[in-house]
Structures are given as structure tokens and as C-alpha cells.
Amino acid sequence: MARLLGILLLLGMPLLSVAQQWSLLRPGWKYNYSATNTGVVDSQIFITASDTPNVGVVTHELNRIANWCDTCSEHIQPDLPQFLQRSVTVSNDVWNFHDPASIVILPLDTLGSTWIMDTLANVIAEVTAVDTLIQFDVPDVQKTITCSNGDFWVISQEWGIILVNDLELRGIQGPDVGALVPTVAQMYPYQPGDIMEIVKSAHGFTTNGSFPAGSFGSHAKYTILERTDENDSVWFNTWALYESYVSLPAGSAQFYTWQSNWSDTVPWSTSAIELPQRDLMFSYPGELITSEHQIYGDSPHFECIARHRIDSLGRYCMECDLDVCGGPDFVSYVEGIGLESYGWQCVAKEHYVMFGTVINGDTTGTISPDSNFVSVPEHALLKIKVYPNPAHDLLVVEGLDPSGSLLMVMDIQGRIMLQENVHAPAATLDVSMLTAGIYTLLVRGVSPSIPVKLVIAR
């Protein structure tokens, strides 16, 4: 009985396999095409939404791309089709790729079969070869389709559309076979003991909208202590050496220059707070990137179009140009480094640079000695007492100038979160609205102006 059951299962497997295969696109899979075998993806196709308008009929919407347009009012043309059009309707094993063109594929047709692939252009398609071979380490059957207009297609029983003219399927995200776009974990491979040194700066706009335009920046050296991977993010616990400054212009009513140096364990993650154009890390070539970022409080937002390439060191790069005052503004993510550089310049300007890295003992760029991050002189702190620190809801500041002091609480990006004018030797600040994290309390009115590192704990 068991032997008979095994024979029946073996006989039934081919029938089940045929019924489930020759699917040209599968939901959840992202198909990576390239005109070369360098590892870079030139085009990626995937299903974004599906609908069943009638019984036995399924319509799939496909992902779109964008192009720069010098003559268009918005400078960018969105919602453009790729080589497989905007949509595909599947009915009775007929695949009709449409909008704006109409291309019909009959994947179950046999050797020698012909059909009209494009009725408008009267293009005739013929199955000219059927081959059995290995594709992505799996036995596969592939059909070659030759068209009367010179187009050339190859479709696969296992993997869908293998070739359209010079674009060849190199890999598929989902089953994760062949050439793949790097994940965020591969973009940021840092492990405990590795180092990231990052410089950020901004000039010509305000920290919170209420002060005159000035400049602010930070220089941080992060040594990785722990790493946690999530679906679309990497979280690090780090030992940070940190230097930051805020400067408002001479002649303004609030003119001052503030600098702070400190070291402590701090979290760092691949979030919008740290990374401009973060969605570029999850992009496909030609995708319109619209994500915002928060590396400074008034950071502007720019759209850009994703571009993928392989650099001279064989690293996968995701880049895009920013349309800002016609300048050479850009964003660049590099596999194994992360955000390598970001910059724009107009009336104001903003820059982010991965100054240097140490990964598994190998140094790239420049790593500064710890002595470059000088601590605040202890004698300057003797006049000011701040407690409790860490604080929860209330913070007491003593040693103030009774004739007047300005207290400002800034977050790690230099944004002013709280400020209060005090005309007394001591003050109590309500910090209950601040989220947990590391801040700087700047005390002005004593000489010199004193920054104090402040921790809010919840």
C-alpha cells in the first residue's frame, strides 16, 4: 500500500508542478535585470498591487520609474513604465502586459507555435526553441520566443522572464537567488569593535526657526559595542566621542558661539534621524526617492531618482542627484560603508561625510585620535551644578548669574528643544516633555558659556 501511494505521488508531482509553474511574475518576488554581468541591477520589476476584476482574471500593477525632465514644470516625470509596461492581466494562461503598449505572452505554447504578440504593430511571435538547463542551480525548462520585429525573449518554467533583448534576469529577491541588491545589513556590516567616524554640518538656516540663520555641526567617532538587526534597520550601541558646535552670526540679537565635547555610550541606528534620503538604501534603479530626514531640525527635503552602479573597488553603490539650484548635489550609499556622502548647497548648505571607518581591522578614510575630542575644562563646570542627572521630569540648575542667564536644552542634532531666561541664582526646568536620550544644557550669562551634558531617563 505504501509503495502504491509513493508511485501515485510521483505520478502526480509533474501535473502539480506544471499547474503552478510558467508564472512570469510572482507576488513578493523582485526580479533583477541587467545588460551586463557585473553584478549591478539595471532594472527591477515587481508586483505592487493585484486585483481580480472577474472570475479567472487577475490584474497586477507593476512598479514604476521616474526621469529628469528639463522642459517639465516639476523637473521630474514620475509614474513611467519599465520594459514590462505598467500592468499585466492574466487570464487562461495568457499574459497581457499593457499600458502604454500591449504585449501578449503565451507561456504554455509549444515549439513552433505562433501568435500575434502586438496587434497594433502586427508583431508575430514564435516559440523557436525549448531547452532544459540549469538556472540558479535548479533544473529548468526555457522557451525562446523570436519576434518578427527582431525582439528576442526567453521565458522560464521556474523563474519567469529570463531575457528581453539585452536585459537578462540576473537574480530574484524573495527566493534570494543570483545577483541581489544589498540589504541594509550589508550596507552597514559593522560589528563590535568596528568604528564609524561621521562629520555633519549645516550653514545658513536656523536650529528651530526662531533664531537668525547661523551654522552648526558635529564630529563623532562611534566604536561599536553591540549590534541588533531588524527587518529594515540596524541598531548599534556605541561608545561615542562627540564634538558639536552652534554659531549664530555676528550682529544678531542672539549672537553666540557654543561648543560641546563629551564621551558616553549612545545608541545609533539607520534611521531618518541619522540618514538623509534613507529610502535610497531600499531602492531600485529609476525609483523616485521621496523620504525625508532629520539630521538637523530644519533640514530641507529633496526628491531624487535612484541610480545603481558598481564602483572601481567592486562595491555596490546606490546614488542619486539632488536638483538644488542647479548645483552638483548628491547622495551616495556604498555597500560595506553605508552613507558615504550627502551634500547640497544653495543659499544654505548641508553636508554629511563618512570621515573614516574601521571594519575587521581594516581602515578606510581617516580615523582621528581620541585626543582630538577634548573634554570641557573641569574648572568651567565648578560654577554650575545640575541635578538630578539623569533627570526625569524636573532639572535643577544652580550657580547662575542673578542678573540674568539664558538656559537652552539642545538635542544631539543641535536643535533647541527648550529655553528659558532666568534672573535668579538657581532655576528649576520642566523637562517632562523631552523624550529619553542625551541632550546638552547650554548656560549663558556666566563666563565662559558652559555646555553640560544632560541625560533624560524614563
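Relevant structure appears above.
Each chain carries its own residue numbering, running from 1 in the written order of its sequence. Local features are withheld for residues below a pLDDT of 70 in this predicted model, meaning they are given only at 70 or higher, and side-chain atom pairs are given and counted only at 80 or more; totals for whole chains, interfaces and linings count all residues. Each side-chain value is derived from all of the structure's non-hydrogen atoms; neither hydrogens nor water enter the calculation.

Draft legend 1. View of the overall build of the chain. In this description a helix means any DSSP run of H or I spanning at least four residues, a strand means any run of E spanning at least two, and both kinds are numbered starting from the N terminus. The helix and strand tally for the chain stands at three helices and 34 strands. The burial tally for the chain puts 48% of its 458 residues in the buried class. Contacts in the chain between residues far apart in sequence, at least 24 positions, make up 49% of those at least 6 positions apart. Carbon and sulfur atoms provide 55% of the accessible area of the chain, an area that totals close to 21600 Å². The cut-offs for exposure are 20% and 50% of the maximum accessible area for each residue type, with area from a 1.4 Å probe on protein chains only; residues under the lower value are buried, those over the upper are exposed, and the others partly exposed. Residue contacts are defined here by distance: any two heavy atoms, one from each residue, within 4.5 Å place the two residues in contact. All accessible areas in this document rest on Shrake-Rupley with a 1.4 Å probe, and a residue is counted as covered only by the protein chains that are shown.

Draft legend 2. Structural detail: the pattern of salt bridges. A pairing counts as a salt bridge when a side-chain nitrogen of Lys or Arg comes within 4 Å of a carboxyl oxygen of Asp or Glu. According to the stated counting rule, one finds 13 salt bridges in the structure shown. Salt-bridge contacts for Asp-264 lead to Lys-453; the nearest nitrogen and oxygen are separated by 2.7 Å. Of this pair, Asp-264 sits in strand β19 (residues 257–269) while Lys-453 sits in strand β34 (residues 450–456); the two residues are 189 residues apart in sequence, bridging distant segments of the chain. Salt bridges sharing common partners tie together Glu-61, Arg-64, Asp-79, Arg-86 and Asp-99.

Draft legend 3. Spotlight on the state of the cysteines. When the sulfur atoms of two cysteines come within 2.5 Å, that pair is taken as a disulfide. Evaluation of the coordinates by the stated rule reveals two disulfides. Two residues share a disulfide in this structure: Cys-69 and Cys-72, whose sulfurs sit 2.0 Å from each other. Across the S-S bond of Cys-69 and Cys-72 the torsion is about 70°, and the bridge reads as right-handed. Cys-69 sits in the buried class, given a relative accessible area of 9%. By relative accessible area, which is 23% here, Cys-72 ends up partly exposed. With a sulfur-sulfur separation of 2.2 Å, Cys-304 is cross-linked through a disulfide to Cys-320.

Draft legend 4. Up close: unusual backbone geometry. Cis geometry is adopted by the peptide bond preceding Pro-100, which originates at Asp-99 and carries an omega value of 10°. For Pro-100, the position within the fold is in the loop between β7 (94–98) and β8 (102–105). Following Asn-389, the chain continues into Pro-390 via a peptide bond in cis, with omega recorded as 15°. The phi dihedral of Gln-85 is positive, around 70°, even though this residue is not glycine. By the element assignment, Gln-85 lies in the loop between β5 (76–80) and β6 (87–91).

Draft legend 5. Layout of the pairing of strand β9 (residues 114–118). As judged from the four bridges shared by β9 and strand β10 (residues 123–135), these two strands associate in the antiparallel manner. Residue Trp-115 lies in a different strand from β10, and its bridge partner there is Ala-125. Two strands are said to pair when DSSP picks up at least two bridges between them.

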